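For reference, the chains in residue letters:
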Amino acid sequence: REVHLAQSSVSDQIQSLESELGVALFIRSRHGLDLTAAGEALKPYAEEILQLADEARIAVEARTGTTAATVTVGALETIATVKLPQWLAAFQGDHPGIGLRLKIAGSDVLLRQLEEGEIDVAFCFDKGGLDERLARRTISAEPLVLVASAENATASGQGDLAALAAMRFVVTETGCVYRHLFDTAFAETGMAAPKLAAEVGSIGAIASLVATGIGMGLVPRLAVAEALDRGEIVELPWPGSAQAASLVMIWRRRRVQSPALKLLLAAAGETFAPVRSAGDRPRHAVSSLS
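What counts and how
Residues numbered from 1 in each chain as written. Predicted model: local features only at pLDDT ≥ 70, side-chain atom pairs only at ≥ 80, totals over all residues. Heavy atoms only, no water. Phe/Tyr/Trp six-rings, centres within 6.5 Å; stacked < 30°, edge-to-face > 60°. Helix = DSSP H or I, 4+ residues; strand = E, 2+ residues; numbered from the N terminus. Buried < 20%, exposed > 50% of the residue type's maximum accessible area, 1.4 Å probe, protein only. Patch = residues over 30% accessible without salt bridge, like charges linked within 9 Å, V, L, I, M, F, W, Y side chains within 5 Å. Areas by Shrake-Rupley, 256 points an atom, 1.4 Å probe, with all protein chains shown as cover. Salt bridge = Lys/Arg side-chain N within 4 Å of Asp/Glu carboxyl O. Contact = heavy atoms within 4.5 Å. Pairing = 2+ DSSP bridges. 1 Å grid on protein atoms, 1.4 Å probe; cavity = no way out; pocket = protein on both sides within 12 Å on 5 of 7 lines; lining within 4 Å. Points joined across faces, edges and corners; volume = space filled by probe spheres on them. Nonpolar A, V, L, I, M, F, W, Y, C, P; charged D, E, K, R; others polar.

J.: Sorry, what's going on with the packing of aromatic side chains here?
T.: Going through the model one piece at a time under the given rule, you end up with 6 aromatic pairs. Aromatic pair Phe125 and Tyr178: ring centres 5.7 Å apart, planes at 70 degrees, arrangement edge-to-face. Highlighted residues: Phe125 in strand β5 (residues 121-125) and Tyr178 in helix α8 (residues 177-187), separated in sequence by 53 residues. Overall, the relative accessible area of 1% leaves Phe125 in the buried class. Since its relative accessible area comes to 8%, Tyr178 is described here as buried. Both rings, one in Phe182 and one in Phe186, keep their centres 5.2 Å apart while their planes meet at 55 degrees; by these two values the pair is tilted. Of this pair, Phe182 and Phe186 are both found in helix α8, 4 residues apart, which corresponds to roughly one turn of the helix. Assessed through its relative accessible area of 2%, Phe182 is described here as buried.

Below is the structure:
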């Protein structure tokens, strides 16, 4: 389906390549195909060949003016909802000839989509450890905030890490970038992570569960700003050094970038501002553009 060929045609291509190289590239079984050691050795070169072919096409299209002016943006759901709408609208207003596609996914999926060329740029929180083929730019530092129901806010011993560690927390699942931020924040205090009240698959569910009093949350403020503004949950001071999550823009390194993507990367340089902390006014979830 991906290469628009019949299975027999793909098999012929594989056998032809194996014959040319004089080695088997796949181990064939009833369960499918696995790469041999030779196949694993060839794979990164094959990926680089495909990338170079794509860059060659982009270079020719850019020179002749026939490039398809479309950028596919990937983002975490929270970022796509809160941070991107105004900015993307402003970008398209400045560049009406550039089409935009927006895909929503988790961090790991976004990185895979970048590597496979399904998206051109991703907006997510930084977890570190990027593949060297990917470039990264930090575009804002979003404050992490401690949130609780009004009842739990009274019982939390504000300003006391020990009391806070005794509370239960609502978190996202292991592997999610928001869980990574939570675990890292507590690890930096030198204390063991607190007990969990619940693990959820969506950060949007954290605010709703925190509001019921089942537990507290530690999340980027932009993710719960609307619930805070509605008074459904309360923001508390974090009893330690201020915590922030780096919002990053990630794209694939190429010898040649499409003109449309180059414009978007340039426009994103300094245009994002973090959601303001609770002590500032006004308190809005949507960031302004510089």
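J.: Where do I start with a nonpolar patch on the surface in this structure?
T.: A cluster of nonpolar side chains, namely Val3, Leu5 and Val10, defines an oily patch on the protein surface of about 240 Å² accessible area. Mapping Val10 onto the fold places it in helix α1 (residues 7-21). For Val10, a relative accessible area of 30% corresponds to the partly exposed category.

J.: Help me understand helix α10 (residues 221-229), please; the structure alone is not making it clear to me.
T.: For α10, the complete set of buried residues consists of Arg221, Leu222, Val224, Ala225, Ala227 and Leu228. Residues of α10 that are buried make contact with α3 (77-82), β5, β6 (134-148), α9 (203-212), β9 (217-220) and β10 (234-236). Following α10 by one or two positions, Gly231 adopts a phi angle in the positive range, close to 80 degrees.

J.: Explain the pairing of strand β11 (residues 244-252) here, please?
T.: The two faces of a sheet get side chains in turn, since along a regular strand they alternate between them. Burial within β11 is extensive, with 7 of its 9 residues counted as buried. As defined by bridge partners, β5 adjoins β11 across 5 bridges and the pair is classed as antiparallel. From the neighbouring strand, Phe123 faces β11, where its bridge partner is Met249. Of the strand pairs in this sheet, β6 and β11 are connected by 9 bridges, and their pairing is antiparallel.

J.: Just checking my understanding: could you explain the layout of surface pockets for this structure?
T.: Unoccupied space between atoms shows up once a probe the size of one water molecule is rolled over them. If you add up the space inside the largest pocket, you get close to 1700 Å³. Forming the boundary of the largest pocket are 41 residues, of which Ala46, Glu47, Leu50, Gln51 and Glu116 lie nearest the centre. A per-element tally of the lining of the largest pocket places helix α2 (residues 37-64) first, with 12 residues. Looking at side-chain class alone, the lining of the largest pocket contains 18 nonpolar, 9 polar and 14 charged residues. Taken together, 35 residues form the lining of the second largest pocket, with Glu77, Thr78, Ser202, Ile203 and Gly204 sitting closest to its centre. Put simply, the parts of the chain that give the lining of the second largest pocket at least two residues each are α3, α5 (107-115), α8, α9 and α10. Counting residues per element, the lining of the second largest pocket draws most heavily on α10, at 6 residues. A class-by-class count of the residues in the lining of the second largest pocket yields 18 nonpolar, 11 polar and 6 charged.

As far as function goes, none of this settles anything; it's purely spatial.
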